[in-house]
Amino acid sequence: MTGDQGGQERGRGPQNGPAGGGTPAGGGTPPGAGEPGAGAGAGMGSGAGSGTGAGPGIGSGSGVGSAFTPPEGFPVLAIPPEGALWQDRMRAMLRMPSTERPAPAERQPGASVSVPRVLDLTLRIGELLLAGGEGAEDVEAAMFGVAFAYGLARVEPTVTFTLLGISYQPALTELPVTMSRTVRRRGTDYTRLAAVFHLVDGITAHEVSLEDAYRRLADIRRNRHPYGSWVLTGAAGLLAGAASILVGGNLIIFVAAAIAAMLGDRLAWLLAGRGLPEFYQFAVAAMPAAAMGVFVDRYAHWIPGATGVQSSAVITGGLFAVLPGRALVAAVQDGLTGFYITASARLLEVVYLVVGIVIGVTLILYAGVGLGADLNPDQALRAYDHPWVQLAAAMVLTLAFAVLLQCERGVLLLATVNGGVAWTVFGVLHQQAGGNQVASTAAAAGLVGLFGQLMARYRYVSVLPYVTAAIGPLLPGSATYFGLLAVTQHHLNQGLAQLTKAAALAMAIAIGVNLGNEIARLALKTPGPPGPRRAAKRTRGF
């Protein structure tokens, strides 16, 4: 049966025969050509030309446009054409067996590269991406894309939480070359993350030589963070103050929450400079907010106009500034995309950080209750219906969160708008329509992921800067605080219910963001071979 007839067959030839003719999907070397044990026979055709048999007798003709899963063997995957986003193209290739992948583009004469240097560059780029919080799937796609662009076809990258590995086998009869690299320091700088994405974009478009790539990578490493430590401290205070307004605070509560968050941030910087683990940094950073809440509740009559203020808003605002939302989203994303080891490690990190926050807040709450503070867990049942004030607070919170994440200045406005959209959707579904809080949070997070993916694909960068800050207003700060307060007052059932609600909200945020990302990828058509690349001018001289 020929490809012109549109038929498909599984190869039934002998497993030790010569390789069949034809070209596999993507236009590469026929699988099994020149390899011992290659399947022969009728093969499978689709599009133009005859198919080939490989391994168990499964092959494909060129021009396959849809997936076909036979009873035995691998599905035939359509590879996005040259000029498509490198993330989509490399993900499709990584899901194929190495023998089914198309061959790299021919390099110009005299443009040969050193295999160890290519692998080293690939690992260094992967290290920066993983250290910046990028998901394991995108890190693997970037590593494979870099190696593939420099002519290495049989490459298998491996990503775990702190270890990167890559293996290259020149031919089936040769030993593979394997290298690894350990990620020892991790820090959030989405400006650096965007620069690495631009670099990978230029490499996969064959616009950057190996030496230029090393030079630009060194420049990226040397670049200073766009915002200094005191700017970050001010952003932490602004975030906490906006979060306190979001849950029903007033101007006095805003100031109190901001002061407490800035004090906690400076204490965390102090501990980080002494080399203490993040567990203790988060525990200490959460204490000033709880202490300020106790102070406001106990001595509010000393402050003019502070009578009757809600001390819970101070503590809730402070918790918003330390909740590990970025790590949670990355953990769930890795789990949903099949990177279970990395997802487990990230989730364990989130658990440790949350336990640190719990210990810090609980110690202060116990002390406050002992001093006679009248902290009221029933405040969790009150509704704060000030839509326009809360919308403004949500957007300010998102802006401050984006600064804390070291986002590019050009991203701040888009991320802020995305956060405002998220809070509007949540407010309409939950506060106005009376919908379930977890479902409303998931829907709002889904739109965050959808719009974030659209903006990231438009600018050829990572989706994280557009998503992570925008989920800030949705983080379960109130449920976490009221759960801890109920536990300290020996209302265990009420406390466990609130903490379970907080966990459900956190999972709804992470799953909603991931689902929105996937919907955006499915809805967007893969572009065909373009004319001049839009990214060409942007990637030069970065």
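Remember, predicted model here, so these are calculated numbers, not experimental data.

Q: Go over the sheet that holds strand β1 (residues 155-159), please, and point to the residues and values.
A: One open sheet holds the three strands; their spatial order is β1-β2-β3, and the pairing between them is antiparallel. Both outer strands of the open sheet, β1 and β3 (177-182), are each paired with one neighbouring strand and no more. Sheet twist, expressed as the average angle between the axes of neighbouring strands with direction ignored, equals 10 degrees. Bridge count between strand β2 (residues 163-168) and β3: six bridges; the pairing is antiparallel. Of the residues in β3, the one forming a bridge with Y168 is V177. The strands touched by helix α2 (residues 115-131) are β1, β2 and β3; relative to β3, the strand with the most contacts, the crossing angle is about 30 degrees.

Q: Just give me the short version of the environment of S311, but keep the residues and values in it.
A: Examined against the element boundaries, S311 turns out to sit in helix α9 (residues 311-320). Accessibility expressed as a relative area gives 3% for S311, which makes it buried.

Q: So, the packing of α2 against helix α4 (residues 190-204): which residues are in play, and what are the values?
A: Two elements in contact, α2 and α4, have axes separated by 9 Å at closest approach and are oriented at 145 degrees. Where α2 crosses over α4, the two elements pack in a sense that is left-handed. Contact with α2, carried on its side by L121, I125, L128 and L129, involves R192, L193, V196, F197, L199, V200 and I203 of α4 and no other residues of that element. Looking at the contact of α2 with α4, its residues break down into 10 nonpolar, no polar and one charged.

Q: Which residues make up the environment of V411, and what are the values?
A: Following the sequence through the fold, V411 ends up in helix α13 (residues 409-432). On the basis of relative accessible area, V411 is assigned to the buried category, the value being 2%. For the pair V411 and L399, spaced 12 residues apart in sequence, the C-alpha to C-alpha distance is 9.8 Å. With residues up to four places along the chain from it excluded, the contact list for V411 reads R459, P465 and Y466.

Q: Which residues make up a nonpolar patch on the surface, and what values do they have?
A: On the surface, L348, V351, Y352, V355, I359 and L363 cluster together into a nonpolar patch covering about 550 Å² of accessible area. When you line up the elements, V351 lands in helix α11 (residues 340-370). Since its relative accessible area comes to 46%, V351 is described here as partly exposed.

Q: How would you sum up the pattern of salt bridges? Please name residues and give values.
A: Per the stated rule, a full pass over the model turns up eight salt bridges. Linking R117 and E211 is a salt bridge whose minimum nitrogen-to-oxygen distance equals 2.9 Å. Of the two residues, R117 sits in helix α2 while E211 sits in helix α5 (residues 210-222), which places them 94 residues apart along the sequence. Among the residues examined, R117 registers a relative accessible area of 32% and is labelled partly exposed.

Q: Now, about the nonpolar core: what can you tell me, with residues and values included?
A: Burial of nonpolar side chains together is a common tendency in soluble globular proteins. Within the largest apolar cluster, 109 residues are counted, with the highest numbers of intra-cluster contacts made by L121, I125, Y150 and I203. Sorting elements by how many residues they give to this core places helix α3 (residues 136-149) first, with 10 residues. With residues near it in sequence (within four places) discarded, I203 still touches L121, I125, V146, A149, Y150, V208 and A213. Membership of the second largest hydrophobic core comes to 12 residues, among which are A240, A260, M292 and V314.

Q: Run through the confidence of the model for the protein chain, naming residues and quoting values.
A: Of the residues in the protein chain, 75% have a pLDDT of 70 or more, and the chain-wide mean is 77. Here residues 1-66 scores under 50 on pLDDT; set against residues more than four positions off or in separate chains, the count is 131 contacts. In this model, residues 526-542 is a region of pLDDT below 50 whose contacts with residues beyond four sequence positions or in other chains number 32 contacts.

Rules used in this analysis
- Residues numbered from 1 in each chain as written.
- Predicted model: local features only at pLDDT ≥ 70, side-chain atom pairs only at ≥ 80, totals over all residues.
- Heavy atoms only, no water.
- Pairing = 2+ DSSP bridges.
- Helix = DSSP H or I, 4+ residues; strand = E, 2+ residues; numbered from the N terminus.
- Axes fitted to C-alpha atoms, helices over the stretch in contact; angles between N-to-C directions.
- Contact = heavy atoms within 4.5 Å.
- Buried < 20%, exposed > 50% of the residue type's maximum accessible area, 1.4 Å probe, protein only.
- Left-handed = near helix turned anticlockwise from the far one by under 90°.
- Nonpolar A, V, L, I, M, F, W, Y, C, P; charged D, E, K, R; others polar.
- Patch = residues over 30% accessible without salt bridge, like charges linked within 9 Å, V, L, I, M, F, W, Y side chains within 5 Å.
- Areas by Shrake-Rupley, 256 points an atom, 1.4 Å probe, with all protein chains shown as cover.
- Salt bridge = Lys/Arg side-chain N within 4 Å of Asp/Glu carboxyl O.
- Core = buried A, V, L, I, M, F, W, Y, C linked by side-chain atoms within 4.5 Å.
- pLDDT = per-residue confidence, 0-100.

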